[in-house]
Amino acid sequence: MADLQIYESYQRLLQNEDLSTPLAAILALTEMMERSTAGTMFELLNELKGSAEALSRQSPNPIGLNAGCELFIEFITLFPHDAASFSELKTELIRQGQQYAKQALTYRAKIAELAFDFIKDDSVILTHSYSRVVLQTLLMAHKRKRISVFVTEARPRGMGIKTAEMLTAAGIPCSVVLDSAVAYVIEKVDFVLMGSEAVVESGGLVNAVGSNQIAIIAKAANKPFYALAESYKFHRMFPLSQYDLPSHNSRLLSFQTPSGNPRTPSGRRPSESSLAPNHTASIKITQEDIARNNPDIDYTRPDLISLVFSDVGSLTPEGVSQYLVGMFAG
Amino acid sequence: MASDPQSAANQRIVEDLVSRLRRRQVVGSRATALETLLVLRQVVSKARFSNIDQLVNVIRSVGRRLVEAQPKEHSVGNTVRKVLHHIREEYHTASEPPAIETSFSIAKFVLQGQPRRQTTIPRSETRVPLKENDPDDPDSFARVLKPVLMEAIQDVFDELETVYDNISKNAKDHIHSDEIILTLGMSTTVQSFLKAAAHYRNYTVIVAETAPSYGGREMAKSLSSAGISTFLVPDSSIYALMSRVNKVILGAHAILANGGMFATSGSLLAATAARSYSTPVVVCAGQFKLTPLWNLYHEYGALDFGDPSAVLGFEEGDLVDKVDVVNPYYDYVQPELLDVFITNYGDHPPSSIYRLLKETYDDEDNEL
């Protein structure tokens with residue numbers, strides 16, 4: 001019941017165009033605290049952890065909200081206080097959470113300001129999918145410099161088209177690129193600007209699927225690859241490969257047998273009849289099937305990233321871990 | 001304010017350095033740092049101010065003039081930033097009653113990490129109360145603070161004086177017996193580093209002559225007179241010799257925020273050659289060369305050009321009209337090509353330079 005309620009409030013908060021998943025998660029947790037009847041810090045923390053887990057379980061792509069929950073819970077655990085009563089402390093913590101969410105909305109402007117210096121006049125920028133911070137940076141750069149932008153389509157969700165529409169509406173020369181045409185276009189590009197779902201402890205990047213291949217192509221072509229990430233997206237996680245991401249499961253990218261069912265270990269070899277030419281015609285693969293069978297996000301290694309722009313400064317990928325260690329260790 | 005005789009005197013010494021910087025009469029990162037510091041000391045000692053912001057503004061405006069006079073001598077700006085950082089620090093220790101951290105917020109948590117247990121040291125000394133903007137006695141603030149500030153500036157001075165010794169302190173840990181070291185150009189830092197190592201180790205140095213300044217010839221002369229076995233080679237043979245070299249040691253003109261550096265032209269050639277043989281590249285540089293700037297647009301050059309006649313003299317009259325001659329002072333060497341910076345504040349990989357910068361300067365001064 002309570003689990004459902006927190007997911008509902010999280011979904012409702014996400015309706016706000018400006019709120020990203022970590023902030024929505026923090027606000028959902030503060031709402032939960034308002035409802036909570038916990039009488040001690042221990043109880044409250046247990047409830048918070050339970051809610052965070054419930055949120056994470058119900059969301060199809062929990063990585064951003066995990067980063068937010070983790071930050072907020074760690075903050076509450078370490079909050080130095082001399083409040084006389086527990087209820088007083090609780091209201092203070094709620095206030096802190098809400099205040100942070102409000103303050104954090106200014107971070108995108110700060111990042112845009114930092115990244116602006118790296119955009120030279122007349123540059124051609126490649127970006128991927130849809131990211132509010134990238135969009136804001138590009139819009140700001142457009143006011144003072146001439147830029148043109150390639151946006152990848154970003155299948156399966158096609159969010160790149162949204163970016164392209166918004167950029168075109170703002171008068172920025174813009175062209176949508178197929179995900180498979182990145183290597184074709186990279187030579188015309190001066191640098192890559194990438195948003196993020198999370199930046200992990202290695203300095204690597206978790207973002208909409210396709211980011212990794214763009215980073216690899218950019219590296220091969222010797223083009224800078226800049227990631228933009230608000231500091232609440234720093235996530236204490238150390239994935240070693242794509243398959244360490246929490247969104248990965250065994251259903252993703254499983255092989256389909258001709259009968260349409262995923263192949264089981266005991267599966268028989270295809271019989272003669274299934275290879276008959278008339279059979280191939282009856283198999284239809286829809287876009288939905290492909291989307292269901294594919295990942296939403298991928299992981300980009302830190303050595304492919306030139307710099308991470310965040311509200312705490314322009315960092316080398318290694319620099320991110322310093323902040324995470326400061327918060328979660330020691 | 002111009003009628004004020006004191007600020008007129010300040011004006012004069014600032015203008016003096018500005019014109020010398022512009023004419024390139026003072027060159028080299030340490031020389032310019034020292035000159036800047038001398039001017040700043042004058043300015044602070046003569047300045048009239050009744051609160052910290054006034055003082056900071058005075059220093060900033062002087063700093064801005066000096067930096068604009070010669071934007072390619074990065075250590076000028078660095079010295080100004082460093083002095084500002086020290087002044088703020090002194091001001092905070094002198095003025096604030098040890099602030100008890102009550103305002104802890106998530107933003108602060110992200111920025112500074114876990115809250116530390118407050119260890120408030122009870123101050124035994126009774127200090128003269130520091131009063132800002134005292135209407136009765138506007139100079140009282142300056143009178144109390146000035147001695148502390150002069151001391152702080154003196155500290156920066158001392159650091160500059162001892163910078164070579166401090167860098168060479170651990171030279172023997174970096175250079176081993178029978179190694180072959182390659183270096184180029186005339187860098188006093190590298191020279192003292194190599195000479196310090198020579199007290200303990202027997203090794204060979206190959207010096208590229210570094211045309212067209214031929215600083216390498218000077219370097220080779222100085223090293224061999226210190227008893228180090230030295231070879232002077234033309235620049236064109238750097239790649240050919242690299243397979244036999246154990247280590248490349250370079251000096252820097254400025255270290256940039258991303259861990260790259262500006263260094264004598266030719267450095268990029270040596271660093272690239274070293275990369276293809278996986279030879280370690282070591283950079284010796286004082287902390288005053290740390291620059292909170294990025295090499296934004298021009299990939300390989302520092303866009304600082306010297307006298308073209310060193311490359312193609314006017315005696316070649318016929319040719320001079322027909323070709324463009326460029327003589328860049330510095331190369332930009334990317335952080336990926338460097339392995340370690342040896343500074344007077346310890347040894348650092350290029351990837352942690354940003355942290356050193358954060359500790360050395362205040363963020364608000366990055367743009368003077």
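Residues numbered from 1 in each chain as written. Chains lettered and ligands numbered in written order. Predicted model: local features only at pLDDT ≥ 70, side-chain atom pairs only at ≥ 80, totals over all residues. Heavy atoms only, no water.

Draft legend 1. Highlighting the domain arrangement of chain A. Residue and element names in this part refer to chain A. Considered domain by domain, chain A is made up of domain 1 (2-104) and domain 2 (107-239 + 294-327). Once you take the C-alpha centre of each, domain 1 and domain 2 turn out to be 28 Å apart. Contacts between domain 1 and domain 2 engage 19 residues on the former and 17 residues on the latter. With both chains or domains summed, domain 1 and domain 2 bury close to 1500 Å², and 50% of this area falls on carbon and sulfur atoms. Seen at the junction of domain 1 and domain 2, the total is one salt bridge. Across the contact surface, domain 1 and domain 2 share eight residue pairs in polar contact (both at pLDDT 80 or more). Of all elements in the fold, only helix H2 (21-35), helix H4 (63-78) and helix H5 (86-104) reach the threshold of two or more residues within the side of domain 1 that touches domain 2. Counting residues per element, the side of domain 1 that touches domain 2 draws most heavily on H4, which supplies nine residues. Here the side of domain 1 that touches domain 2 is composed, by residue class, of nine nonpolar, six polar and four charged. (Domains from an automatic or database assignment. Contact = heavy atoms within 4.5 Å. Buried area = accessible area lost by both parts, 1.4 Å probe. Salt bridge = Lys/Arg side-chain N within 4 Å of Asp/Glu carboxyl O. Polar contact = N/O pair within 3.5 Å; in protein donor to acceptor, adjacent residues only side chain to side chain. Helix = DSSP H or I, 4+ residues; strand = E, 2+ residues; numbered from the N terminus. Nonpolar A, V, L, I, M, F, W, Y, C, P; charged D, E, K, R; others polar.)

Draft legend 2. Geometry of the environment of Glu47 of chain A. Residues and elements named next belong to chain A. Here Glu47 is to be found in helix H3 (residues 41-58). Taking C-alpha positions, Glu47 is 9.8 Å from Ala2, a pair spaced 45 residues apart along the chain. With sequence-adjacent residues up to four places away left out, Glu47 is seen in contact with Met32, Ser36 and Ala38.

Draft legend 3. Here's a closer look at the pattern of salt bridges. The tally for this structure, following the rule as stated, stands at 23 salt bridges over all chains. With a closest N to O distance of 3.1 Å, Arg95 of chain A and Glu92 of chain A form a salt bridge. Of this pair, Arg95 of chain A and Glu92 of chain A both sit in helix H5, three residues apart, which is roughly one turn of the helix. Taking relative accessible area as the criterion, Arg95 of chain A reaches 42% and is therefore assigned partly exposed. Overall, the relative accessible area of 25% leaves Glu92 of chain A in the partly exposed class. For the salt bridge of Arg20 of chain B with Glu35 of chain B, the shortest nitrogen-to-oxygen distance reads 3.0 Å. Placement of Arg20 of chain B in helix H1 (residues 5-22) and of Glu35 of chain B in helix H2 (residues 29-46) is noted, with a sequence separation of 15 residues between them. Taking relative accessible area as the criterion, Glu35 of chain B reaches 21% and is therefore assigned partly exposed. (Buried < 20%, exposed > 50% of the residue type's maximum accessible area, 1.4 Å probe, protein only.)

Draft legend 4. Up close: the domain arrangement of chain B. All names here are of chain B. Annotation of chain B at the domain level lists domain 1 (4-161) and domain 2 (165-365). In this assembly, 17 residues from domain 1 lie in contact with 22 residues from domain 2. With both chains or domains summed, domain 1 and domain 2 bury close to 1800 Å², and 45% of this area falls on carbon and sulfur atoms. Per-residue buried area on domain 1 facing domain 2 is highest for Lys72, His74 and Arg81; these three make up 32% of the total on that side. Joining domain 1 to domain 2, the criterion identifies four salt bridges. Measuring nitrogen to oxygen at the nearest pair gives 3.6 Å for the salt bridge that ties Arg88 to Glu364.

Draft legend 5. Layout of the packing of H2 of chain B against helix H4 (residues 74-95) of chain B. All names here are of chain B. Contact geometry of H2 with H4 gives a least axis separation of 8 Å together with a crossing angle of 40°. Considered as vectors, H2 and H4 are oriented oblique to each other. Where H2 crosses over H4, the handedness of that crossing is right-handed. Residue-level contacts link Ser29, Thr32, Ala33, Thr36, Leu37 and Leu40 of H2 to Ser75, Val76, Thr79, Val80 and Val83 of H4. The residue makeup of the contact of H2 with H4, split by class, is six nonpolar, five polar and no charged. (Axes fitted to C-alpha atoms, helices over the stretch in contact; angles between N-to-C directions. Parallel < 35°, antiparallel > 145°, perpendicular 65-115°, else oblique. Left-handed = near helix turned anticlockwise from the far one by under 90°.)

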